[in-house]
Amino acid sequence: MPNKIYRPATLLVHQGIDRDPHTGASAIPIYQASTYHHPEGKPGEYDYARSGNPSRQQVEDTIALLEGGVRGFAYASGMAAIGSALALLKSGDHLIAPEDLYGGSWRYLNTVLPQQGITASFVDTTDLAKVSGAIAPNTRAIFLETPSNPLFRITDLRGVAALAKERQLLTFLDNTFMTPLLQRPLDLGIDVVIHSATKFLGGHSDLLAGLVTTADPELAKRLKHFQNAFGAVLGPFDSFLLARGIKTLKLRLAAAQNNAGILAERLAEHPAIKCVYYPGLAGFPGRDLHNRQASGAGAVLSFELREEARVKPLLEKVRLPIIAPSLGGVETILTHCWSMSHAAIPAATKQALGIRETLVRISAGIEDAEDLWEDLEQALSV
Ligand SMILES: *Cc1c(COP(=O)(O)O)cnc(C)c1O
């Protein structure tokens, strides 16, 4: 890792290591090897690829540098990262989580962790009193997402972090929507930051990856132990793709965020649209709080159609965006949350949370905004 801490765009390009130390190659090679020779029977820096390899090391060092962590960890997917980070908890522990969190995380907390003796309570984390009220004697951690997905509710990160410190609870934040460029949770007091690097960090909708980092050396030691013991690691080729994607994050995110702002404002004026959820819109609930803890509104927004009958024609007529459960790619992605990203959540729970069948999420890509708007407009017209 470089001794000097560079500014974000420089870090993105030069990362933890920016050339192959053995050959000077401009990209770290894909070390497609499962094991490493032990000269005279003694291990070198790398001994077996589950424990570490130079391709993975590059992205692990990079996420630590970007978030201000002491060490980074790369996993085979965002869910592998979430599961591996939550392995800091043990049987008998209780966890507090937001009501409207990513569908896959909801499924993990509801159907997998209980089998390991870890229970979760889902509360409105935008209300600190509700978070505080949910703390039980066996509560060990608070898991957060802000802005939340898909309704963009804003949780006070400094507030929850202070409460957690007072009650000796660990805090986890899924920072996928913001990326380290827009929100730096470790600086706000959060213990463990998680990314689905499948989204903005990878940025090209061509790989699955997850990243974790922490500023606490003791937690880093435990995360490293579990990563090696459990083995849900990111492979060398995907590490290479991720390192490559990360280099252009600043440019991609700026362009996508700009497009999201344009689409959000125009959608808010469109007669077929009931409301738009985007923290960049003037008067959006939680916007001021968001702006105190993040430096941009991001590139994802949701909107609610007035009539359910308009959903099917929209999905049929729209041509540029891919219709899929993902976000953060260079191409615009349109998600019907009800049936895609939040399919794992039971219908009644979704209804109660306000995730309706008329809700559509857009992850703005980096295309020309006018093309995106013309396409959406024709798909929204009857
Ligand atoms: C996609 C996503 C995940 C899961 O990541 P995978 O790479 O698909 O396993 C977790 N959290 C959020 C916010 C996501 O958008």
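Since we're looking at a predicted model, the values are computed, not measured.

### Considerations on the sheet that holds strand E10 (residues 322–323)
Now for step 1: As summarised here, the arrangement of the 5 strands in space is E8-E9-E12-E11-E10, forming an open sheet in which the pairing is mixed. Only two strands of the sheet have a single partner each, and these edge strands are strand E8 (273–277) and E10.
Now for step 2: Along the sheet, helix H10 (residues 249–269) makes contact with E8, strand E9 (300–305) and strand E12 (359–363), crossing E9 at roughly 15 degrees.

### Concerning the site of the ligand
Now for step 1: What surrounds the ligand is the set Ser-77, Gly-78, Met-79, Ile-82, Tyr-102, Asp-174, Thr-176, Ser-196, Thr-198, Lys-199, Ala-209 and Leu-327.
Now for step 2: The backbone of Met-79 places a nitrogen or oxygen atom 2.8 Å from an oxygen atom of the ligand.
Now for step 3: Between an oxygen atom of the ligand and a side-chain N or O atom of Lys-199, the distance comes to 2.7 Å.
Now for step 4: Per-element accounting of the shell around the ligand gives the leading share, 3 residues, to helix H3 (residues 78–86).

### Some details on the packing of helix H2 (residues 54–67) against helix H9 (residues 236–246)
Now for step 1: The geometry of H2 relative to H9 is characterised by a closest axis approach of 7 Å and an angle of 40 degrees between their N-to-C directions. Regarding the angle of H2 to H9, the classification is oblique. For the crossing formed where H2 meets H9, the hand is left-handed. Counting all contacts with H2, which are made through Ser-55, Arg-56, Gln-58, Val-59, Thr-62 and Leu-66, the residues of H9 involved are Pro-236, Ser-239, Leu-242, Ala-243 and Ile-246.

### As for the side chain of Thr-146
Now for step 1: Note that Thr-146 resides in the loop between strand E4 (139–145) and helix H6 (157–166).
Now for step 2: Reaching out from Thr-146, the side chain makes a polar contact with the backbone nitrogen of Thr-155 at a distance of 3.0 Å.
Now for step 3: Those residues in contact with Thr-146 that lie beyond four places of it in its chain are Arg-153, Ile-154, Thr-155, Leu-157, Leu-173, Met-178, Gln-183 and Gln-293.

### Quick look at the domain arrangement of the protein chain
Now for step 1: Domain parsing of the protein chain yields domain 1 (8–247) and domain 2 (249–380).
Now for step 2: Measuring from the centre of the C-alpha atoms in domain 1 to the corresponding centre in domain 2 gives 25 Å.
Now for step 3: With 38 residues of domain 1 at the contact, the number on the domain 2 side is 42 residues.
Now for step 4: In total, about 3200 Å² of surface goes out of reach between domain 1 and domain 2, with carbon and sulfur atoms giving 67% of it.
Now for step 5: It is Phe-152, Leu-182 and Phe-200 that lose the most area in domain 1 upon contact with domain 2, and together they represent 22% of the buried surface on that side.
Now for step 6: At the junction of domain 1 and domain 2, the tally comes to 15 residue pairs in polar contact (both at pLDDT 80 or more).
Now for step 7: Classifying every residue of the side of domain 1 that touches domain 2 by side-chain character gives 19 nonpolar, 11 polar and 8 charged.

### Observations concerning a negative patch on the surface
Now for step 1: A cluster of acidic residues, Asp-368, Asp-371, Glu-374 and Glu-377, forms a negative patch on the protein surface.
Now for step 2: Here Asp-368 lies in the loop between E12 and helix H14 (369–380).

### A closer look at the state of the cysteines
Now for step 1: Here the structure, examined in full by the defined rule, presents 0 disulfides.
Now for step 2: With no disulfide of its own, Cys-337 lies 13 Å from the sulfur of Cys-275, the closest cysteine sulfur.
Now for step 3: Relative accessible area serves as the criterion here: at 0%, Cys-337 is assigned to the buried category.

### Points about the nonpolar core
Now for step 1: Among the nonpolar cores identified, the biggest contains 61 residues, and Leu-242, Leu-267, Val-276, Leu-301, Phe-303 and Leu-376 are the most heavily contacted of them.
Now for step 2: For this core, the leading source of residues is H10, giving 7 residues.
Now for step 3: Mapping this core onto the domain boundaries places at least three of its residues in each of domain 1 (8–247) and domain 2 (249–380).
Now for step 4: What Val-276 contacts, discounting residues up to four positions off in sequence, is Ala-264, Leu-267, Ala-268, Leu-281, Phe-284, Leu-301, Ser-302 and Phe-303.
Now for step 5: Grouped together as the second largest cluster of nonpolar side chains are 29 residues, Leu-88, Leu-113, Leu-219 and Ala-232 included.

### Section: the packing of aromatic side chains
Now for step 1: Enumeration according to the criterion identifies 5 aromatic pairs in this entry.
Now for step 2: Measuring from centroid to centroid gives 5.9 Å for Phe-152 and Phe-177, while their planes differ by 55 degrees, and the two rings are tilted. Note that Phe-152 is positioned in the loop between E4 and H6 and Phe-177 in the loop between strand E5 (170–174) and helix H7 (179–182), a separation of 25 residues in sequence. Each member of the pair, Phe-152 as well as Phe-177, carries the same accessibility label: buried.
Now for step 3: Considering the side-chain rings of Phe-226 and Phe-230, the 5.1 Å spacing of their centres and the 20 degrees angle between planes classify their relative orientation as stacked. Of this pair, Phe-226 and Phe-230 are both found in helix H8 (residues 217–230), 4 residues apart, which corresponds to roughly one turn of the helix.
Now for step 4: With a relative accessible area of 26%, Phe-226 lands in the partly exposed category.
Now for step 5: Phe-230 sits in the exposed class, given a relative accessible area of 56%.
Now for step 6: Here the basic side chain of Lys-350 rests over the ring of Trp-338, its NZ or CZ set 4.6 Å away from the ring centre.

### Here we look at helix H4 (residues 103–112)
Now for step 1: Among the residues of H4, Gly-103, Gly-104, Ser-105, Trp-106, Tyr-108 and Leu-109 are the ones counted as buried.
Now for step 2: Of the surrounding secondary structure, the elements contacted by the buried residues of H4 are H3, strand E2 (94–98), strand E3 (119–123), E5 and helix H13 (347–353).

Definitions and cut-offs
Residues numbered from 1 in each chain as written. Predicted model: local features only at pLDDT ≥ 70, side-chain atom pairs only at ≥ 80, totals over all residues. Heavy atoms only, no water. Pairing = 2+ DSSP bridges. Helix = DSSP H or I, 4+ residues; strand = E, 2+ residues; numbered from the N terminus. Contact = heavy atoms within 4.5 Å. Axes fitted to C-alpha atoms, helices over the stretch in contact; angles between N-to-C directions. Near = heavy atom within 4 Å. Polar contact = N/O pair within 3.5 Å; in protein donor to acceptor, adjacent residues only side chain to side chain. Parallel < 35°, antiparallel > 145°, perpendicular 65-115°, else oblique. Left-handed = near helix turned anticlockwise from the far one by under 90°. Domains from an automatic or database assignment. Buried area = accessible area lost by both parts, 1.4 Å probe. Nonpolar A, V, L, I, M, F, W, Y, C, P; charged D, E, K, R; others polar. Patch = residues over 30% accessible without salt bridge, like charges linked within 9 Å, V, L, I, M, F, W, Y side chains within 5 Å. Areas by Shrake-Rupley, 256 points an atom, 1.4 Å probe, with all protein chains shown as cover. Salt bridge = Lys/Arg side-chain N within 4 Å of Asp/Glu carboxyl O. Lys, Arg positive; Asp, Glu negative; His and termini not counted. Charge placed at Lys NZ, Arg CZ, Asp CG, Glu CD. Disulfide = S-S within 2.5 Å. Buried < 20%, exposed > 50% of the residue type's maximum accessible area, 1.4 Å probe, protein only. Core = buried A, V, L, I, M, F, W, Y, C linked by side-chain atoms within 4.5 Å. Phe/Tyr/Trp six-rings, centres within 6.5 Å; stacked < 30°, edge-to-face > 60°. Lys NZ or Arg CZ within 6 Å of the ring centre and 35° of its normal.

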